[in-house]
Each structure stands twice: as structure tokens, then as C-alpha cells.
Protein chains: 2
Amino acid sequence: MTTDLLALTEALCDIPSVSGTEEAIADAVEARLRAVGPNLRVERIGANVVARTELARDRRIVLGGHLDTVPPNGNASPRRDGDVLHGLGTADMKGGLAVLLALAASLGRREPRFDVTLVLYEGEEVADEFNGLRRLFSEAPALVQGDLAILLEPTGGWVEAGCQGTIHVRAGFDGVRAHSARPWMGTNAIHRAAPLLARCASFDAAVVDVDSLDYREALQVVRIEGGIANNVVPDRCTVVVNRRYAPSRSLDEAVAEVVAFCREAGADDVEVINASTAAPPNLMNPLIAELIGVYDLPVRPKLGWTDVARFAAHGIAACNFGPGDPELAHTADERVDRITLDACLGLLEAFVGLR
Amino acid sequence: MTTDLLALTEALCDIPSVSGTEEAIADAVEARLRAVGPNLRVERIGANVVARTELARDRRIVLGGHLDTVPPNGNASPRRDGDVLHGLGTADMKGGLAVLLALAASLGRREPRFDVTLVLYEGEEVADEFNGLRRLFSEAPALVQGDLAILLEPTGGWVEAGCQGTIHVRAGFDGVRAHSARPWMGTNAIHRAAPLLARCASFDAAVVDVDSLDYREALQVVRIEGGIANNVVPDRCTVVVNRRYAPSRSLDEAVAEVVAFCREAGADDVEVINASTAAPPNLMNPLIAELIGVYDLPVRPKLGWTDVARFAAHGIAACNFGPGDPELAHTADERVDRITLDACLGLLEAFVGLR
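Residues numbered from 1 in each chain as written. Chains lettered and ligands numbered in written order. Predicted model: local features only at pLDDT ≥ 70, side-chain atom pairs only at ≥ 80, totals over all residues. Heavy atoms only, no water.

Visitor: Tell me about the overall build of chain A, and please be specific about residues and values.
Guide: Per the secondary structure count, chain A includes nine helices and 19 strands. Summarising its shape, the C-alpha atoms of chain A cover approximately 80 × 40 × 40 Å along the three principal directions. Out of the 355 residues in chain A, the part that is buried amounts to 56%. In chain A, once contacts between residues fewer than 6 apart in sequence are set aside, the share between residues at least 24 apart is 78%. Charge separation in chain A, taken as the distance between the mean sites of 34 positive and 50 negative side-chain charges, equals 1 Å. (Helix = DSSP H or I, 4+ residues; strand = E, 2+ residues; numbered from the N terminus. Buried < 20%, exposed > 50% of the residue type's maximum accessible area, 1.4 Å probe, protein only. Contact = heavy atoms within 4.5 Å. Lys, Arg positive; Asp, Glu negative; His and termini not counted. Charge placed at Lys NZ, Arg CZ, Asp CG, Glu CD.)

Below, the structure is given as C-alpha cells:
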């Protein structure tokens, strides 16, 4: 019995699960995991479902995927076109969830060479406080322990190793209000922000070699806001800067660096909105090396932040490997195809010893 | 019989008249002007009241004041402190309206040497489309004709000559969205606005001599807006620039100049939000020269835009002269005192031949 992964992905896409509304899809995957039978022990915490083998193997592989999607972009309903499924969540990441559910079914029939934990969680596409994996590490850390974590984020057939850290800071510039016909009576806060904008625009982001992978960093202004009325010299301007940094530096180093960058450009205050650690590629880890080496998978660095950093922060080696094109995630063109789903399942089943 | 100008100003301040709600104060001033008797012919159009003598004098003086105020700033109710009246509208410009109403009363008792038109109008503190004087010039231009217009905007005892023009443009910068972890896939519209901000911040505004008055120009960013989400390279940034220019140049020249300024800094589109002509100081005009010369009034240029420019655009020489400190207009500290009100009334009565 083989699972039709494209049909299963479509069924999962038929259950809306924009962040904050994951109960229905959590119910669906929980029911499916419980139906696997005695080989899997299933736990539910909030809209997070964890299914584990308990075979007392010496190593445990955690396979994870988030249940939520970003809001629809005119693509709320999945659409089949031959062996391609289009629509919200197809690549990010209900295709990956379908692979996990099919792998669970295999675990009901055969014993793997590692213990396996499947983690399907809520709230990945929104602020960290809503992240289900964060909740599990906090409330039930034993459930998510392992020797290697693989996140089925779309990677287009590559292993995307580690991930860059991400930091958002809000740099504030103060001024003094005045009538705009007499600006010398005041101080223009937007004008005071000009050097920071110039500095960001001309910033020469580094390409950092970590384990022979090129992590291309970034520093971007993602928001700017200032102004009170059209006849008033503004007394406040805020600039949100997003820094992406390679896993060669600690979070503290990277935060200090971006705060100093804004201060040196004249910011009066710099608030760290959020700051997420980077994850090292860990290519020397024996399990990651085996995953890559045995199947001769291509490897590239992960530039965006993913929950591999959360596993890394808890001392668990982790990488991204899942079906779908990462460049299409969060776009109206999001899609996944049958061969990619089947290939991902086949490789993961082989890796954990189910084939 | 003399009018208690401070009490009358207080009574006018007791009638709320934030722009858009001037009906009640228009009713009150209309009733008061009609009570003057046969010497004044009173017309009402919307919340605009015009009272005119018809003495067939060879010259006519128009005295104007707006009925509306900006929104309260914790100062909605007037407060007496001896001979000082504090509160919204005291200086800008119910003190001036009180002077106009007292002068109307004098016109009921004596004949002036000029014909006199009093114009009390709505909608000065908001967008030009709501300006009552604009409506009068459009619908009943004969009512607002004259040889000299004096606006009783607060000038602190000075004649404020002419006024600078004001232009607002919105400069738009386009980009291409991308994930902020891969900014090289897109173009950051906020970064593209950096040169315009730098150019505005370092702009060396000229001081222009017109009729030996120093018009100090200005160019300020008054608003900036950009950004979609904290993980997205923004594809749009807009910058509102306010240009204040001396009455040495035409509106068309000044508009072309600021549009070119934004274009040269890389703006993709520049929208003219509004553009108001400047008014020349007209110090050689015989009536303005007489007003200044006979009473030895100090003269300075008006840097902010006022409706004198509207009169000037209709070929009517105009200046600002009214009670109250212009620097306190629109502030929580707005106030006017008795001696200033009495002095303004005395001078205007003398000028038009009522004393």
C-alpha cells in the first residue's frame, strides 16, 4: 500500500490553517497518526501533535513540519494540474506534512533503524511567541529530543544546512516640532535618519564561509515611518532594520553589531524587536554527513531563518530538507509536484531504515 | 461706547469652531453685523459673512479673518488671567475677529474715509478646497474686491508683508519585493529614497531679498512611509517634501524646481499635492506704504503662507496685521492680551478714518 502523496497534500490544503487557526488540521493529522496503531505513541499539546516510536534505539531522528500557512494570496483553494498541485501551503509545507504522514504509515508496518519522532506544530509563520515548537521545548522538552532534526521546509531537493540568524531593530530618531515654514525653530527627525538610510543602502554585506558553505549576509531597512502633518517639522522617525547574519557569530555579537551600526548613524534609541540565533551547518555531524553522503545530496546554506536554529539552540543538530521550491514559498505561484514528494519520502524512509 | 475686546474675544472663543463646524460662530457674527444697522450691507454664503459699506469712496479696504480654529490642544475653553486670555483661537484668530466686530460697530456710528469690507470666513486651517475665501472669490467675486486687503492673522504688532509660497510634493520610489534574507533578488525602495533624504537634510535654503525684506526659504521632508512586513524587502517608499519659496519666483518656476530636485535624487514619480503662490510684499503700494509709514509700524516678511497670497493672485495688494503672537498659534500656549487688541483696533480705525 503506497500513499498518493499529491492527493494527501491536496486534502491537507483543503483544510484552511492560516496561523492561529490550526485546530482543524491538528485534529486531522492527530486522527491519522493515532490510526497508525501501537508502533506510534501520539501526544497532543495545543495544536501540536507529536508521534514517537519507542524502540529503544541508540539514536533518534526528529522529523518536523509546521501546520500553519501564511494568509492566502488569491490561492486559498488547491488546484491540480496533472501531477502538479498549486495553491497556498502546497510547498510551505503541506507537501512536507504529507511525507511525514506517509512515513508514519510506514512506521506502522515496519521497524526503523533509528527511533523516530514526528512533530507537527502550529504558529511557525508568525511571531516567535506563537511558535508551537517553542511551546513544546518549554512544556514537554522530552517529546522533542533527538540526535538529529530534519525540518521538511521546502528546499528543492537540496539539504539546506544550518540557517542564518535574524535580528530586527527599531532605530528611533528624535527631533523638535516646528512649523515647516520656520524649520530652524525645530529639528527634523526624518532628516536626522538620512545617514542611517545612506549607510544601509551602501552596506556591503559579507559572504561568510562556514564549513565551506557561503552564507551571504544581509542588512535591509524594511520599514520607515515619520511625520505628523504636512506643515509640521516632524519630531520622530523610526526605521526598522533587518539583519541576517551567518552562523559564524553568536547572537549577542550580532545584536551588539547592529545596535552599534544604528547608533553610529545617529539613532537616539535602538530597540531590539526580535533576535534569533543562527544555526551552524554541522556538516561534520555523523548523521548529517550520512544523510548527505549516502544519497549524494547537494548542500547549500539556508539564508532564511528556520526552526533548525531552535533545535541547534537546544543542542540538537538540524538541517532543512523537504519538497518544494523555497523561492515559491509565500508567493501566489506556490506549488509542488508528485515526483518531488515521492522522492523526498523515499529518501527519508531509506535513511531511517524503512526501505 | 467702547467694546471690551477681551470679553468679546472670550465670547467668540466660547463658540467652538474647529474647521468644518463654523455654522454657529458664523450665525453669531452675522447677527452682530446685522445689528450694526443701515451703514453695513451684510451677505451670507455658507459659513462666510461679508459686511460692506457702500459710500462710493474711490478706494476700498478689505479686512479679513477666518472663523475656524485648529483642533484643541488641551485648551478648548478660554481662560482669563487678568488682562490675558488663554486658549484655542485667542490669537489665531478670534482676537482679530473681535477687532473686526468692534470696527463694524464704529462703522455704524461714523463714516470712514475708505469704503470698508469685512470678510469673516470658514475653512482656513484645512485643505484649500474648504477655504471660504476661495469660495467667495469663485462665487461672488464682487463681494471681496478692494484696493488693499489686510488679514488680521496674528503678527505680534508687525506688518507681515507678502507671504512665501508653499508646495507639497510626494516623491515615490519603486522597488521589487523579495524575502529580506535574499535582498539581492529584489530592490529596496526605502534604500532608493536615501539620496533624496540626504539631499533634503543637507539642503542649503536661500535667504532671498525682496523689497529689502529677507525671505528665508525652506525645504523639509514632512512625511516618509515605506515597508510591507518585517521580512520583506519593500517595493514602495513615499516621501512628502514641503517647499517654502520667496515671492521672487512664480509658482510654476518653484514647482518645476522642487519636482526636478526630487527627480534628480532618483524619484520614480513626483506628485504635486498642493501648490500655493507666493505674495509679493508690495511695500511700494501707496496704501501699504501709508499703513506702515504713518504709524511707523515695523515690517518683516511673512514666511508662512496666508490668504494674502489669494488676494495677491486676484490683483489685490495685501498684508498681514493682527493681534497676537504668530509663534504661539496652534500651540497649547496660545493667548492674547487686552492692550494688543485695543492697539490693533485703534490703529485700524485711525487708518480707515474712524478716529
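Next, the rest of the story.
Visitor: So what's going on with the sheet that holds strand β2 (residues 48–52) of chain B? Residues and values would help.
Guide: Residues and elements named next belong to chain B. One open sheet holds the eight strands; their spatial order is β1-β2-β6-β3-β7-β18-β8-β17, and the pairing between them is mixed. At either end of the open sheet lies a strand with only one pairing partner, and these are β1 (41–45) and β17 (299–301). Taking the axes of each pair of neighbouring strands and ignoring which way they run, one obtains an average angle of 25 degrees across the sheet. Examined bridge by bridge, β1 and β2 share five bridges and lie antiparallel to one another. Counted as the bridge partner of V42 is A51 from β2. Its contacts with the sheet put helix α2 (residues 23–34) on β1, β2 and β6 (115–121), and the angle it makes with β1 is roughly 165 degrees. (Pairing = 2+ DSSP bridges. Axes fitted to C-alpha atoms, helices over the stretch in contact; angles between N-to-C directions.)

Visitor: Summarise the sheet that holds strand β13 (residues 218–226) of chain A; cite the residues concerned and give the values.
Guide: Strand order in the open sheet made by the eight strands is β16(A)-β9(A)-β15(A)-β13(A)-β13(B)-β15(B)-β9(B)-β16(B), with antiparallel pairing throughout. At either margin of the open sheet sits one strand with a lone partner, and together these are β16 (269–276) of chain A together with β16 (269–276) of chain B. Direction aside, the axes of adjacent strands within the sheet are offset by 25 degrees on average. Two elements, β13(A) and strand β13 (residues 218–226) of chain B, share three bridges in a ladder whose sense is antiparallel. Following the sheet pairing, E225(A) is matched in β13(B) by E225(B). Each of β9 (165–174), β13 and β15 (236–245) of chain A together with β13 of chain B is contacted by helix α5 (residues 189–201) of chain A, which is oriented at about 15 degrees to β15(A), the strand it contacts most. Sitting on the sheet, helix α6 (residues 251–264) of chain A is in contact with β9, β13, β15 and β16 of chain A, with an inclination near 150 degrees to β16(A).

Visitor: Before we move on, can you summarise the confidence of the model for chain A with the specific residues and values?
Guide: Chain-level pLDDT for chain A is 96 on average; 100% of the residues reach the 70-or-more range. This prediction of the complex comes with two scores: 0.86 for pTM and 0.86 for ipTM. (pLDDT = per-residue confidence, 0-100.)

Visitor: Report on the packing of aromatic side chains, specifying residues and quantitative values.
Guide: The full count for this structure, using the stated rule, is six aromatic pairs over all chains. An angle of 75 degrees between the planes, with centres 5.4 Å apart, marks the rings of F137(A) and F311(A) as edge-to-face. On the criterion of sequence distance, the pair formed by F137(A) in helix α4 (residues 132–139) and F311(A) in helix α8 (residues 308–313) is long-range, its members being 174 residues apart. Residues F137(A) and F311(A) agree in their burial class; the two are buried. Note on F203(A) and F261(A): the rings are 5.4 Å apart at their centroids and 90 degrees apart in plane angle, and the pair reads as edge-to-face. Of this pair, F203(A) sits in the loop between α5 and β11 (207–210) while F261(A) sits in helix α6, and the two are 58 residues apart along the sequence. Judged by its relative accessible area of 30%, F203(A) is partly exposed. When the ring centre of F261(A) is taken as reference, the NZ or CZ atom of R199(A) above it lies at 4.4 Å. Across the ring face of W184(A), the terminal group of R216(B) is positioned such that the distance to the ring centre comes to 3.9 Å. (Phe/Tyr/Trp six-rings, centres within 6.5 Å; stacked < 30°, edge-to-face > 60°. Lys NZ or Arg CZ within 6 Å of the ring centre and 35° of its normal.)

Visitor: With reference to specific residues and values, describe helix α1 (residues 5–13) of chain A.
Guide: All names here are of chain A. Within α1 the residues assigned to the buried category are L5, L6, L8, T9, L12 and C13. Down the axis of α1, the buried set is contained in an arc of 160 degrees. They therefore lie on one face. The N-cap residue of α1 is D4: its side-chain oxygen and the backbone nitrogen of L6 are 3.1 Å apart. (Arc of directions from axis to C-beta. Polar contact = N/O pair within 3.5 Å; in protein donor to acceptor, adjacent residues only side chain to side chain.)

Visitor: Report on the relation of the copies chain A and chain B, specifying residues and quantitative values.
Guide: Structural alignment of chain A on chain B gives an RMSD of 0.0 Å, achieved by rotating through 180 degrees and translating 0.0 Å along the axis. As the rotation angle and translation indicate, the two copies are arranged about a two-fold axis. Among all C-alpha atoms of chain A, that of E225(A) lies closest to the rotation axis, at 2.5 Å. Interface overlap between copies: 100% of the residues of chain A at the interface are likewise at the interface in chain B, consistent with a symmetric, same-surface contact. (Least-squares fit on C-alpha atoms with pLDDT ≥ 70 in both.)

Visitor: Requested: an account of the packing of α1(A) against helix α3 (residues 90–109) of chain A, with residues and values cited.
Guide: Residue and element names in this part refer to chain A. Relative to each other, α1 and α3 sit at 120 degrees, their axes nearing to 9 Å. Of the possible angle classes, the one that applies to α1 and α3 is oblique. Helix-helix and strand crossings are classified by hand; for α1 and α3 the assignment is right-handed. Contact with α1, carried on its side by L5, L8, T9, L12 and C13, involves T90, K94, G95, L97, A98, V99, L101 and A102 of α3 and no other residues of that element. Class assignment for the residues of the contact of α1 with α3 results in nine nonpolar, three polar and one charged. (Parallel < 35°, antiparallel > 145°, perpendicular 65-115°, else oblique. Left-handed = near helix turned anticlockwise from the far one by under 90°. Nonpolar A, V, L, I, M, F, W, Y, C, P; charged D, E, K, R; others polar.)

Visitor: Which residues make up the pattern of salt bridges, and what values go with them?
Guide: The tally for this structure, following the rule as stated, stands at 60 salt bridges over all chains. Residues E349(A) and R355(A) are paired through a salt bridge, measuring 2.7 Å at the closest nitrogen-oxygen approach. A salt bridge links R41(B) to E54(B), with the shortest nitrogen-to-oxygen separation between them at 3.6 Å. On the criterion of sequence distance, the pair formed by R41(B) in strand β1 and E54(B) in the loop between β2 and β3 (60–66) is long-range, its members being 13 residues apart. (Salt bridge = Lys/Arg side-chain N within 4 Å of Asp/Glu carboxyl O.)

Visitor: Give a description of the environment of E54(B) that names residues and reports values.
Guide: On a C-alpha basis, the gap between E54(B) and L118(B) in space is 12 Å, while along the polypeptide they are 64 residues apart. In contact with E54(B), other than residues within four places in its own chain, are R41(B), R60(B) and D115(B).

Visitor: Summarise the environment of L152(B); cite the residues concerned and give the values.
Guide: Residues and elements named next belong to chain B. Here L152 lies in the loop between β7 (148–151) and β8 (159–161). For the pair L152 and G324, spaced 172 residues apart in sequence, the C-alpha separation works out to 9.5 Å. Dropping the residues within four chain positions of it, L152 is found in contact with L63, G64, M93, G96, V99, L100, F321, G322, P323, C344 and L348.

Visitor: Describe helix α6 (residues 251–264) of chain B, and please don't skip the residues or the numbers.
Guide: Residues and elements named next belong to chain B. For α6, built from 14 residues, the straight-helix expectation of 20 Å at 1.5 Å per residue is met to within 8% by its first-to-last C-alpha distance of 20 Å. Along its buried surface, α6 packs onto β9 (165–174), α5 (189–201), β13, β15 (236–245) and β16. Directly beyond the C-terminal end of α6, a positive phi value near 100 degrees is found at G266. (Expected span 1.5 Å × (residues − 1).)

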